[in-house]
Amino acid sequence: MDAKSPILLFDSGVGGLTVLAELRELLPDAPVIYAADMAGLPYGTKTEAEVAARVAGLLGRMAERWHPRLICIACNTASTIALGMVREVLETPIVGTVPAIKPAAKITKTGTIGLLGTDSTVRQGYVDDLEREFAQGKTLLRYGASGLVALGEAKLRGEEICVDEVTKAASGLVLQPGGEDLDTVVLACTHFPLLEPELREAFGKDVTFIDGAKGIARQIARLVQGQEMEREVPDFAVTTGPMDDFEELTEAFAAHGLKGLVHL
């Protein structure tokens, strides 16, 4: 393994920065490329076939160009749809992102768990499998709150976010039968932790929020354990969309150690 080989984090937008922040804590010396498919955003409203083809194609191109030591699909929607396909076509180790239903089932006191994700994520059979395996005897309420993706992106750009907008986008979760018993909410989209302060205000102090960023970072660290790492060039971010829009995020990227911006 080339010591200069980077870890590639891929998301539809900037939500994967929540994973990068945790990864920096564990692997501060790891060279990183952050890839945002801004031209494809949002994934949550696309068909499964569209997402699978797009993610596999883009990751194939990036793997050929940058030869990463590991790829993390830091996106719940892309992972629940395309993870298997990507692992079949690429030899690079792949880490996916899945809803944190297992830890949520361990900490809930009422037995009622909420799952906030994109429309596409909450309807996936993968979520059904996680519920059967880890949440037997619990009640899992799901809600597709794709509108939170745009709000998370806007917040990272420095725009002011109204709690009422967040409440409107997510309130369908608690308005379901049994919603009054919710005490734990899984944030099943990497964008959503960006809005955790607003979500806490919307849901109330008695609700615990949980996401998978820490667990994903630990899995990446485990898989690259013992590998030599050398940062030859400053870490950078890649986009598929217009550079003008991407450059608006320069400060946010810099805060996560990403010093350059590149168009794919």
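**What about the nonpolar core?**
Of all hydrophobic cores here, the largest spans 29 residues; its most connected members are Cys72, Ile220 and Phe253. Counting only elements with at least two residues in this core, the list comes to β1 (7-11), α1 (17-26), β2 (32-36), β3 (70-73) and α10 (213-223). In terms of residues, this core owes the most to one element, α10, which gives five residues. Excluding anything up to four places from it in sequence, Phe253 contacts Val14, Leu17, Tyr34, Ala237, Phe246, Leu258 and Leu261.

**Quick look at the sheet that holds strand β4 (residues 94-95)**
On the basis of which strands lie adjacent, the open sheet formed by six strands has the order β4-β3-β1-β2-β9-β10 and parallel pairing. Two strands close off the open sheet at either side, each with one partner strand: β4 and β10 (260-263). Strand direction decides the pairing type here: β1 and β3, joined by four bridges, are parallel. Counted as the bridge partner of Ile7 is Leu70 from β3.

**So, the packing of aromatic side chains**
This model, assessed by the stated rule, comprises four aromatic pairs. Centre to centre, the rings of Tyr34 and Phe253 are 6.1 Å apart; their planes meet at 50 degrees, and the pair counts as tilted. Here the residue Tyr34 occupies a position in strand β2, and Phe253 occupies one in helix α12 (residues 250-255), the gap between them amounting to 219 residues. Pairing Phe246 with Phe253 gives two aromatic rings, centres 4.9 Å apart and planes at 55 degrees, and the pair type is tilted.

**A short note on the side chain of Thr118**
On the secondary structure map, Thr118 appears in the loop between β5 (112-117) and α5 (119-122). Within the structure, Thr118 has its side chain in polar contact with the side chain of Thr77 (distance 2.7 Å). Ignoring any residue separated from it by four or fewer positions in sequence, one finds Thr118 in contact with Gly44, Thr77, Gly144, Ser146, Val149, Cys189 and Phe192.

Conventions adopted
Residues numbered from 1 in each chain as written. Predicted model: local features only at pLDDT ≥ 70, side-chain atom pairs only at ≥ 80, totals over all residues. Heavy atoms only, no water. Core = buried A, V, L, I, M, F, W, Y, C linked by side-chain atoms within 4.5 Å. Buried < 20%, exposed > 50% of the residue type's maximum accessible area, 1.4 Å probe, protein only. Helix = DSSP H or I, 4+ residues; strand = E, 2+ residues; numbered from the N terminus. Contact = heavy atoms within 4.5 Å. Pairing = 2+ DSSP bridges. Phe/Tyr/Trp six-rings, centres within 6.5 Å; stacked < 30°, edge-to-face > 60°. Polar contact = N/O pair within 3.5 Å; in protein donor to acceptor, adjacent residues only side chain to side chain.

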